[in-house]
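# Summary of the model geometry
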Amino acid sequence: MSIKKYKPVTPSRRFMTGSDFSSITTDKPNKRLSKKISSHFGRSKQTGRITVRHKGGGCKRKYRFVDFKINKYNIPATIETVEYDPYRSAFISLIKFDDGEKKYIIAPEGIKVGDKLVISQKKIDASLGSRMPLRYIPAGTQVHNVELDINKGGQLGKSAGSSIQLIEIQGNFAHLKMPSGEIRKVLKDCMASVGVVSNVNHENVVIGKAGRKRWMGVRPAVRGKAMNPVDHPHGGGEGRTSIGLVHPKTPWGKPALGVKTRKKKKKSSNLIIKFRKKRKR
């Protein structure tokens, strides 16, 4: 998928970009695998007060039930469509198994209508879209929709353009390199799909104007330092003052900006071989 540019007929159009959706084959979701979800606009049902900030409005959309587990083994499936999903950054595909059942899956980059794929707990050909345990996937392969626990369903590598590299198999664990640079262990019997997640240029899309963000259901966000002291820890001061605190805080007084939020006694920390690099500011 490539990025589409617009003629600068207005100031907001000058730098705006979007997806060309050239790989999309249909704009109508499967009725049995989609559902209308009512929005509460970030407000509480009981009081009507805002409980989640910066939410509200947005276009009407249907939720597609994507299967991250796909526990139909050794039954060939055919790609029927490649579709846009308003609830996620990646594209999705409708697959039809030879027994007639249909499911939505995350579409890997390069998948086309008519392509075949197989889900199996045994060793199969590591073709695009195929799904099998990590122990049978060749080292160096890019995978996505990876399980953290056996039979729980994919939890890692599900957003647009993301992929996880299988480095090696050692003992009962597979060593995986995450997009963040983190290297961690995952049980080698956990399932993973072969390929890179579709819509790789999603991160290069420029929204261009505030109204386009409102279509997505995002309301304006006011800077903390533009508020009064009663409304935010950053508030107050004369003119364009800085934050004014030794340590930046959230509106609820908790530390923010660069503070480590991972629990020190988290069990899964033992499975991390190399932590991700600290982001440069």
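First, a word on what this report is: a plain description of the structure on this page. (Residues numbered from 1 in each chain as written. Predicted model: local features only at pLDDT ≥ 70, side-chain atom pairs only at ≥ 80, totals over all residues. Heavy atoms only, no water.)

With that settled, consider the overall build of the protein. Helix and strand counts for the protein come out as 1 helix and 17 strands. For the protein, the spread of C-alpha atoms along the three principal axes comes to 65 × 50 × 45 Å. Split into buried and exposed, the 281 residues of the protein put 33% on the buried side. Nonlocal contacts in the protein, meaning residues at least 24 apart in sequence, comprise 55% of its contacts between residues at least 6 apart. Of the roughly 18300 Å² of accessible surface on the protein, 51% is carried by carbon and sulfur atoms. Taking the 61 positively charged and 20 negatively charged side chains of the protein as two groups, their mean positions are separated by 10 Å. (Helix = DSSP H or I, 4+ residues; strand = E, 2+ residues; numbered from the N terminus. Buried < 20%, exposed > 50% of the residue type's maximum accessible area, 1.4 Å probe, protein only. Contact = heavy atoms within 4.5 Å. Areas by Shrake-Rupley, 256 points an atom, 1.4 Å probe, with all protein chains shown as cover. Lys, Arg positive; Asp, Glu negative; His and termini not counted. Charge placed at Lys NZ, Arg CZ, Asp CG, Glu CD.)

Further remarks concern the environment of serine 159. Examined against the element boundaries, serine 159 turns out to sit in the loop between strand 12 (154-156) and strand 13 (164-170). Serine 159 sits 15 residues away from histidine 144 along the chain, and the two C-alpha atoms are 9.1 Å apart. Non-local contacts of serine 159, meaning those with residues more than four positions away in its chain, are made with Ser89, Ala90 and Val197.

One recurring pattern in soluble globular proteins: nonpolar side chains tend to sit buried together. Counting 15 residues, the largest nonpolar core has Leu134, Ile137, Val143, Val146, Ile164, Leu176 and Ala192 as its most contacted members. Of all the elements in the fold, those that place two or more residues in this core are strand 13, strand 14 (173-177) and strand 16 (191-194). Look past the residues within four positions of alanine 192 in its chain and what remains in contact with it is Ser130, Arg131, Met132, Leu134, Ile137, Val143, His144, Asn145 and Val146. (Core = buried A, V, L, I, M, F, W, Y, C linked by side-chain atoms within 4.5 Å.)

Turning next to the sheet that holds strand 6 (residues 92-97). Strand order in the open sheet formed by 4 strands is 7-6-5-8, with antiparallel pairing between adjacent strands. Each edge of the open sheet is held by one strand with a lone partner, namely strand 7 (102-106) and strand 8 (116-117). By the bridge criterion, 5 bridges tie strand 6 to strand 7 in an arrangement that is antiparallel. Its bridge partner lying in strand 7, isoleucine 92 is registered against isoleucine 106. (Pairing = 2+ DSSP bridges.)

To continue, consider the side chain of threonine 17. Position of threonine 17 relative to the elements: it lies in strand 2 (residues 17-19). Assessed through its relative accessible area of 9%, threonine 17 is described here as buried. Ignoring any residue separated from it by four or fewer positions in sequence, one finds threonine 17 in contact with Ile3, Lys4, Lys5, Tyr6, Asn204, Val205, Val206 and Arg212.

The antiparallel open sheet is built from 7 strands, whose spatial order is 9-16-10-13-14-15-17. Where the open sheet ends on each side, the last strands, each with one partner, are strand 9 (131-133) and strand 17 (272-274). Looking at each pair of strands side by side, their axes are set apart by 45° on average, direction ignored. Pairing of strand 13 with strand 14 involves 5 bridges; the strand directions are antiparallel. When the bridges of strand 14 are listed, isoleucine 169 appears paired with alanine 174. (Axes fitted to C-alpha atoms, helices over the stretch in contact; angles between N-to-C directions.)

Here the focus is empty space enclosed by the protein. Applying the stated criterion to the full structure yields 1 cavity of 30 Å³ or more. Within this model, the largest cavity holds a volume of roughly 80 Å³. Forming the boundary of the largest cavity are Asp67, Ile70, Ile105, Ile106, Pro108, Leu117, Ile119, Gly129, His144, Asn145 and Ser193. Looking at side-chain class alone, the lining of the largest cavity contains 6 nonpolar, 4 polar and 1 charged residues. (1 Å grid on protein atoms, 1.4 Å probe; cavity = no way out; pocket = protein on both sides within 12 Å on 5 of 7 lines; lining within 4 Å. Points joined across faces, edges and corners; volume = space filled by probe spheres on them. Nonpolar A, V, L, I, M, F, W, Y, C, P; charged D, E, K, R; others polar.)

This part takes up a positive patch on the surface. Taken together, Lys28, Lys31, Lys36, Lys60 and Lys62 make up a surface patch of like positive charges. The class for lysine 28 is exposed, based on a relative accessible area of 64%. (Patch = residues over 30% accessible without salt bridge, like charges linked within 9 Å, V, L, I, M, F, W, Y side chains within 5 Å. Salt bridge = Lys/Arg side-chain N within 4 Å of Asp/Glu carboxyl O.)

When you tally the buried positions in strand 6, you get 5 out of 6 residues, the bulk of the element. As judged from the 6 bridges shared by strand 5 (residues 77-83) and strand 6, these two strands associate in the antiparallel manner. What sits directly across from isoleucine 79, in strand 6, is isoleucine 95. Where strand 6 hands over to strand 7, the hairpin turn is made up of 4 residues, of which glycine 100 adopts a positive phi near 100°.

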